Amino acid sequence: MACRGSPLFFVFLRKNFLYLRFNLVPLLCIFIGSAAVLCGYLHWSVRPVKHNLEELEPKDYDVLKQLYFPANDLDYIYFAPSSNNVDDIMDMVRQELEIPAERFRIYNISSDMQLDMEQNCLGNCFAINFKQVPNRGSVGRLVYSLSSNQMRISPKKRFVNDEEINHQKDDDDYIRVGFLTLQHILDRQYMKYQELNPNYELLLSSMPNLEVSSMDSHRLTYFGTLCSILFNVVLLSTFVVPFVEEKQNGLKEFLNLVTPMSFLNGLTFFFIRFICYAALLLFVLIAAYFYEALGLIGFAYIAVLYLLYILATMSYAYLISVCFHSVFYAKIGGLVMLIIPYVFSFVRSWVTSVAFFLFSTNAFLEGLDVFQTFSNKHRHFGAADLFREIKDDSTRMFWIYCSLIAQSILYALLYNYMTCVFPGPGGLKRPFLFFLDPNTYKKRQRNEYTTAPRGTHAIIISELCKKFQTSKRETLISDNLNMTINNKEITVLLGHNGAGKTTMMNMIMGLVPKDAGKIVVCSERDVASYRHLIGFCPQHSVFMSYMTCHQHLEFFAQLRGSRRSDACLWADTKLKKLGLKEKRDEYGRNLSGGMKRRLSLGIAIAGNTKIVILDEPSSGLDIESRRQLWDILLNLRKEKAILVTTHYMEEAEVLGDTICILANGKLQSTGSPLELKRRLGIGYRLKLEVTDFTFREREIMKIILDYVPTARVLNVVKPTVYICLPYAYKMCFSEMLLKLESRTSELEISTISMTDTSLEDVFLRCAGEQDQVDTPDGSRNDAPLLTALYKRLPSQHTPPSTWQLWLAVFYKKWTFLANEWLYAVIMLSLPVVCVSGAILAMHAMSVVKNEAALPLKLSQMGSGVVYIYNPTGHHAQVEQQLRQQIELSGLTAQNVAATRKQCEKCYEVHFL
Ligand SMILES: Nc1ncnc2c1ncn2[C@@H]1O[C@H](COP(=O)(O)OP(=O)(O)OP(=O)(O)O)[C@@H](O)[C@H]1O
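Residues numbered from 1 in each chain as written. Predicted model: local features only at pLDDT ≥ 70, side-chain atom pairs only at ≥ 80, totals over all residues. Heavy atoms only, no water.

In the nomenclature of an unreviewed UniProt entry, the protein chain corresponds to GL21226 from the organism Drosophila persimilis. Heading Subcellular location (unreviewed entry) of the UniProt record for the protein chain holds this comment: "Membrane". UniProt, in its Sequence similarities (unreviewed entry) section for the protein chain, records the words "Belongs to the ABC transporter superfamily. ABCA family." (UniProt positions renumbered as here; feature names shortened; annotations may be inferred.)

Following this line, the structure appears as structure tokens:
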């Protein structure tokens with residue numbers, strides 16, 4: 001049955017949903033904890049509104065006019081929209097202010113006016129937006145709003161453009177900046193325009209100001225930054241760590257073996273988490289909305305920024321996960337890699353710009369900054385603002401969105417590339433430039449395996465070579481090895497510990513690369529094309545802690561093409577046969593060792609694979625379970641090719657249609673158990689129970705050797721003696737037995753029995769008699785197991801002292817460092833290197849270049865008048881020298897008292 005993408009998507013979705021359900025409590029704790037921190041911050045950051053209803057001194061109109069700014073050439077007054085009424089009123093205002101007409105700018109659309117003022121005004125500018133201007137003589141209200149590039153007034157709050165809103169600014173800013181003056185002049189001129197009684201007086205009595213804190217102007221940014229930090233922590237613990245954990249447990253590779261669509265596992269993993277994070281985010285943003293922490297920015301614009309940030313950061317986290325195969329290092333390394341982007345956001349320079357394109361966090365923080373600036377300007381954010389540059393050094397919001405989308409795609413592609421090129425332990429490695437190879441994009445021919453008749457080859461291994469090279473030794477696994485595994489037969493692979501049986505199976509599955517040779521499975525040479533045709537039971541059971549026995553079998557049957565209903569039924573039947581019926585709803589990790597092996601076997605035979613490879617399936621099984629296993633395998637043999645390894649000779653004899661004995665990298669012999677016994681058997685085995693064989697050996701052996709001259713003692717385990725009787729003399733056995741029988745009491749023989757040669761004899765003869773024990777580092781059991789340091793600990797019955805415990809812990813750590821020194825050095829130095837790199841980058845970024853010195857010579861100012869004000873008469877000498885210098889520079893020096901009407905270039909020097 002062919003695997004189809006869409007059902008498999010839901011199969012993996014279910015699997016990852018089960019993970020979520022199983023880990024619900026810790027996940028909820030993390031999510032609720034993060035939401036609580038954010039809500040706590042929102043609550044704390046809201047300050048109670050304090051109305052400052054301080055009575056201000058009434059201001060005189062003429063004083064207000066004097067306080068107004070109009071001295072500077074760069075100060076403009078903008079107004080919109082243009083109409084006859086408006087133009088007339090503004091002309092009156094201009095005359096009242098005595099400002100030249102060039103410093104008035106007229107617009108038809110108020111937003112254009114506003115933008116022009118924001119971007120182009122270099123001095124102090126005001127914009128007047130007329131909303132309602134009654135005609136001359138008509139009754140109605142004049143409605144207009146005033147804004148300035150220096151500060152904004154809203155009915156409730158004051159907004160100042162400069163970054164540092166400071167509450168130290170005194171409350172009459174409103175007056176000093178010129179707002180009140182302009183407002184009064186405008187009101188006055190309007191009344192004049194309407195020919196109302198001019199003898200009125202406008203007085204400012206009070207102005208409600210809210211307390212303005214510096215936090216208000218950064219609330220959106222601070223909240224967003226806190227969200228992003230917490231999100232990174234949540235991402236690490238609920239995304240990177242479980243993903244790496246799957247790799248560490250071997251599950252990722254196992255799923256690769258089972259289905260070519262295993263990438264759907266990652267995709268659904270991603271999908272489910274994205275939904276969860278989005279839900280959490282929505283909750284937090286709604287809370288922020290009610291706490292008014294989103295400023296004046298529309299909810300949708302902020303939500304899009306946050307969602308894109310989540311997407312891009314998840315993609316980045318995926319990429320991070322490629323670098324780690326151990327959860328421990330993933331936690332440390334992942335944290336460092338997620339923190340690095342924050343370092344670049346401290347200063348603004350080219351590195352920040354590069355970081356903006358590379359890291360989602362930097363793009364997100366930039367987005368927050370733009371929103372904050374908009375909000376601080378008391379501007380509602382509209383669609384057109386997506387393309388607006390709000391500050392000289394800021395990016396358009398649209399580009400920030402695009403950058404986050406591009407990063408999501410870029411990281412996903414990079415992740416895909418890295419998993420192909422650095423697949424990790426057991427993965428299928430592709431060449432660095434695999435994407436340039438046209439074959440990569442060709443649709444892979446699916447091998448629709450049909451049942452082949454018994455005896456035909458299912459697996460052909462030819463000229464296979466493999467050796468492991470470690471710093472300590474070289475281990476030969478196969479040396480030009482040839483072997484076949486037939487359809488509908490059970491092939492048993494025998495070998496000592498360390499003979500290379502597991503490695504051979506792993507090579508067939510593509511988990512270990514071969515050095516040379518060919519492995520053809522179902523007429524396929526490409527491991528990626530055939531590996532999912534094989535049901536594989538590895539030596540170490542691979543389980544998902546969050547799935548029950550039934551869910552495991554159902555899941556793997558579905559992966560191999562069964563429909564859910566069929567898979568469910570099949571799982572129930574198999575659980576019964578495997579003796580796991582009682583444990584149907586038990587989680588895999590709660591099973592006993594033998595039960596785990598049975599479940600592993602069930603997983604291997606799930607679905608309709610035609611080949612099954614089982615690595616020591618019966619290890620740890622009790623006698624009854626082993627017999628049940630034999631039944632299952634003998635039944636499976638009717639339709640599948642089975643390759644199995646075992647250390648039980650009885651099992652090999654019962655199951656094996658073909659026995660292959662592997663030793664020293666070669667197949668020492670192959671054949672059916674009977675064939676092997678006849679060909680390689682040592683003959684019959686005579687078993688005698690003798691009270692004292694050492695004393696009677698000469699006499700007993702003399703009788704035997706008279707009839708069977710090549711007989712030899714095999715083994716003596718008091719009081720039993722095993723004697724080998726080669727087949728060549730089998731005609732003489734009866735006479736020899738009769739003779740022995742007649743002298744039993746004299747020779748103190750209590751029992752005589754005889755058996756045919758066993759498979760064990762054959763095995764020992766072919767594979768050699770010495771069993772070898774593997775140690776983790778590949779060294780043999782002849783190496784000392786404990787080092788001198790550890791041996792020095794005295795053997796004792798009293799509890800170990802603290803010092804001894806310390807020594808033992810130290811020894812453990814030291815052994816780890818000695819074995820994994822490279823990895824340890826890299827992982828320990830990574831944070832130091834990253835932080836140093838970031839500090840260096842920051843240092844490089846913060847270099848301030850001095851501009852060229854400014855010429856400050858008076859002669860460069862050309863013509864002009866300098867007024868000198870020295871009311872006290874002190875510093876007369878200095879004043880005199882200054883006058884001389886001024887005159888020498890071609891300027892005129894005058895006392896301040898002199899009239900200075902229409903002075904174009906005037907400077908004033910005040911002596912205090
Ligand atoms: N990745 C590796 N690097 C170096 N040596 C290895 C590696 N994997 C296995 N070996 C060595 O190769 C030899 C064969 O190992 P393998 O696991 O294939 O033996 P086996 O026949 O399955 O043994 P057992 O019956 O104990 O399972 C052993 O000496 C082992 O130490």
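Read on, since the account is not over.
### Thoughts on the overall build of the protein chain
When helices and strands are counted, the protein chain shows 31 helices and 24 strands. When each of the 912 residues of the protein chain is scored for burial, the buried share is 46%. For the protein chain, restricting intrachain contacts to residue pairs at least 6 apart in sequence, the fraction spanning at least 24 positions comes to 74%. Roughly 48200 Å² of accessible area belongs to the protein chain as shown, and the carbon and sulfur atoms make up 58% of that amount. (Helix = DSSP H or I, 4+ residues; strand = E, 2+ residues; numbered from the N terminus. Buried < 20%, exposed > 50% of the residue type's maximum accessible area, 1.4 Å probe, protein only. Contact = heavy atoms within 4.5 Å. Areas by Shrake-Rupley, 256 points an atom, 1.4 Å probe, with all protein chains shown as cover.)

### Digging into the state of the cysteines
Across all of its chains, the model carries one disulfide by this definition. Note that Cys-121 is cross-linked by a disulfide to Cys-125, the S-S spacing being 1.9 Å. Its S-S torsion of about 80° marks the bond between Cys-121 and Cys-125 as right-handed, since a negative value means left-handed. Here Cys-121 and Cys-125 have matching classes, each one buried. (Disulfide = S-S within 2.5 Å.)

### Some details on the site of the ligand
The full set close to the ligand counts 18 residues, and Lys-501, Thr-502, Thr-503, Gln-539 and His-647 are the nearest of them. In this structure, Gly-498 approaches the ligand through a main-chain N or O atom, which is 2.9 Å from an oxygen atom. Gly-500 has a polar backbone atom sitting 2.9 Å from an oxygen atom of the ligand. For the ligand, the accessible surface in isolation is 640 Å², of which the surrounding protein chains cover 75%. (Near = heavy atom within 4 Å. Polar contact = N/O pair within 3.5 Å; in protein donor to acceptor, adjacent residues only side chain to side chain.)

### Let's talk about the sheet that holds strand S23 (residues 892–895)
Reading across from one edge, S23-S22-S24 is the order of the three strands in this open sheet, with parallel pairing throughout. Every interior strand has two partners, whereas the edge strands, S23 and strand S24 (906–910), have only one. The sheet shows a mean angle of 25° between the axes of neighbouring strands, direction not considered. Across four bridges, the pairing between strand S22 (residues 865–869) and S23 is parallel. The residue bridging Tyr-867 from the neighbouring strand is Gln-894, located in S23. Here helix H31 (residues 876–888) sits on the sheet in contact with S22, S23 and S24, set at roughly 145° to S23. (Pairing = 2+ DSSP bridges. Axes fitted to C-alpha atoms, helices over the stretch in contact; angles between N-to-C directions.)

### A few points about a nonpolar patch on the surface
Together, Phe-422, Phe-432, Leu-433, Phe-435, Leu-436 and Tyr-441 line one region of the surface with nonpolar side chains, adding up to about 680 Å² of accessible area. Considering the arrangement of structural elements, one finds Phe-432 in the loop between helix H15 (397–421) and strand S9 (457–469). The class of Phe-432 is partly exposed, set by a relative accessible area of 47%. (Patch = residues over 30% accessible without salt bridge, like charges linked within 9 Å, V, L, I, M, F, W, Y side chains within 5 Å. Salt bridge = Lys/Arg side-chain N within 4 Å of Asp/Glu carboxyl O.)

### Thoughts on the UniProt feature "transmembrane region" (unreviewed entry) in the protein chain
In the UniProt entry, the feature "transmembrane region" (unreviewed entry) is given for residues 24–44, 220–244, 264–290, 296–319, 326–344, 398–418 and 821–841. Across residues 296–319 one finds 88% helix and 0% strand; the C-alpha atoms that close the span lie 36 Å apart. A distance of 28 Å separates the end C-alpha atoms of residues 326–344, which is 95% helix and 0% strand.

### Quick look at the pattern of salt bridges
Overall, the coordinates contain 17 salt bridges when judged by the stated rule. Among the ionic pairs, Glu-699 bridges to Arg-696, the shortest N-O distance being 3.5 Å. Of the two residues, Glu-699 and Arg-696 both sit in helix H24 (residues 693–707), three residues apart, roughly one turn of that helix. Bridged by salt links that share partners, the residues Arg-14, Glu-554 and Arg-564 form one connected network.

### Side note on unusual backbone geometry
A cis amide bond, omega -10°, links Ala-80 with the succeeding residue Pro-81. On the secondary structure map, Pro-81 appears in the loop between strand S2 (77–80) and helix H4 (84–97). For the peptide bond that leads from Lys-718 to Pro-719, omega is 5°, which places it in the cis range. One can find Pro-719 in the loop between strand S19 (712–717) and strand S20 (720–725). Despite not being glycine, Glu-463 shows a phi value in the positive range, around 50°. Positionally, Glu-463 belongs in strand S9.

### Thoughts on empty space enclosed by the protein
The tally for this structure, following the rule as stated, stands at eight cavities of 30 Å³ or more. Roughly 160 Å³ of volume is contained in the largest cavity. Every residue lining the largest cavity is counted, 14 residues in all, and those nearest its centre are Leu-38, Cys-227, Phe-231, Leu-280 and Leu-281. Where the lining of the largest cavity is concerned, the elements lending two or more residues are helix H2 (24–45), helix H8 (219–248), helix H10 (263–290) and helix H11 (299–322). Top element by residues in the lining of the largest cavity is H8. It accounts for five residues. In terms of residue class, the lining of the largest cavity is made up of twelve nonpolar, two polar and no charged. (1 Å grid on protein atoms, 1.4 Å probe; cavity = no way out; pocket = protein on both sides within 12 Å on 5 of 7 lines; lining within 4 Å. Points joined across faces, edges and corners; volume = space filled by probe spheres on them. Nonpolar A, V, L, I, M, F, W, Y, C, P; charged D, E, K, R; others polar.)

### What about helix H21 (residues 623–636)?
For H21, built from 14 residues, the straight-helix expectation of 20 Å at 1.5 Å per residue is met to within 8% by its first-to-last C-alpha distance of 20 Å. Every buried residue belonging to H21 is among Ser-625, Arg-626, Leu-629, Trp-630, Ile-632, Leu-633 and Leu-636, and all of these are buried. Viewed end-on, H21 has its buried residues packed into an arc of 165°, placing them on one side of the element. Within H21, the exposed residues directed more than 90 degrees away from the buried face are Ile-623 and Glu-624. (Expected span 1.5 Å × (residues − 1). Arc of directions from axis to C-beta.)

### Some details on the packing of helix H18 (residues 549–559) against helix H19 (residues 564–577)
Put simply, H18 and H19 touch, their axes get as near as 8 Å, and they point 130° apart. Here H18 is positioned oblique relative to H19, judged by the angle of their axes. Note on packing geometry: the crossing formed by H18 with H19 is right-handed. In contact with Cys-549, His-550, Leu-553, Glu-554, Ala-557 and Gln-558 of H18, H19 contributes Arg-564, Ala-567, Cys-568, Trp-570, Ala-571, Asp-572, Lys-574 and Leu-575. The class makeup of the residues in the contact of H18 with H19 is eight nonpolar, two polar and four charged. (Parallel < 35°, antiparallel > 145°, perpendicular 65-115°, else oblique. Left-handed = near helix turned anticlockwise from the far one by under 90°.)

### A word on the sheet that holds S2
Taking strand neighbours across the sheet as the criterion, the four strands line up as S3-S2-S4-S5 in an open arrangement whose pairing is mixed. The strands lining the two open edges of the sheet, one partner per strand, are strand S3 (104–106) and strand S5 (143–148). Sheet twist, expressed as the average angle between the axes of neighbouring strands with direction ignored, equals 20°. As paired elements, S2 and strand S4 (residues 126–132) share four bridges and run parallel to each other. The residue bridging Ile-77 from the neighbouring strand is Phe-126, located in S4.

### Thoughts on the packing of aromatic side chains
Counting across every chain of the model gives 42 aromatic pairs. Taken together, a centroid distance of 6.3 Å and an interplanar angle of 65° make the contact between Phe-79 and Phe-104 edge-to-face. Of the two residues, Phe-79 is situated in strand S2 and Phe-104 in strand S3; the sequence distance between them amounts to 25 residues. Taking the relative accessible area as the measure of exposure, Phe-104 reaches 11% and is therefore buried. An angle of 50° between the planes, with centres 5.6 Å apart, marks the rings of Phe-239 and Phe-269 as tilted. Highlighted residues: Phe-239 in helix H8 and Phe-269 in helix H10, separated in sequence by 30 residues. As far as the burial class goes, Phe-239 and Phe-269 line up, both buried. Ring pairs connect the aromatic residues Phe-31, Phe-231, Tyr-277, Tyr-306, Tyr-309 and Phe-364, which therefore count as one cluster. In this structure, Arg-105 packs its charged tip against the face of Tyr-76, placed 4.2 Å from the ring centre. Over the face of the ring belonging to Tyr-648 we find Arg-626, whose NZ or CZ atom lies 3.7 Å from the ring centre. (Phe/Tyr/Trp six-rings, centres within 6.5 Å; stacked < 30°, edge-to-face > 60°. Lys NZ or Arg CZ within 6 Å of the ring centre and 35° of its normal.)

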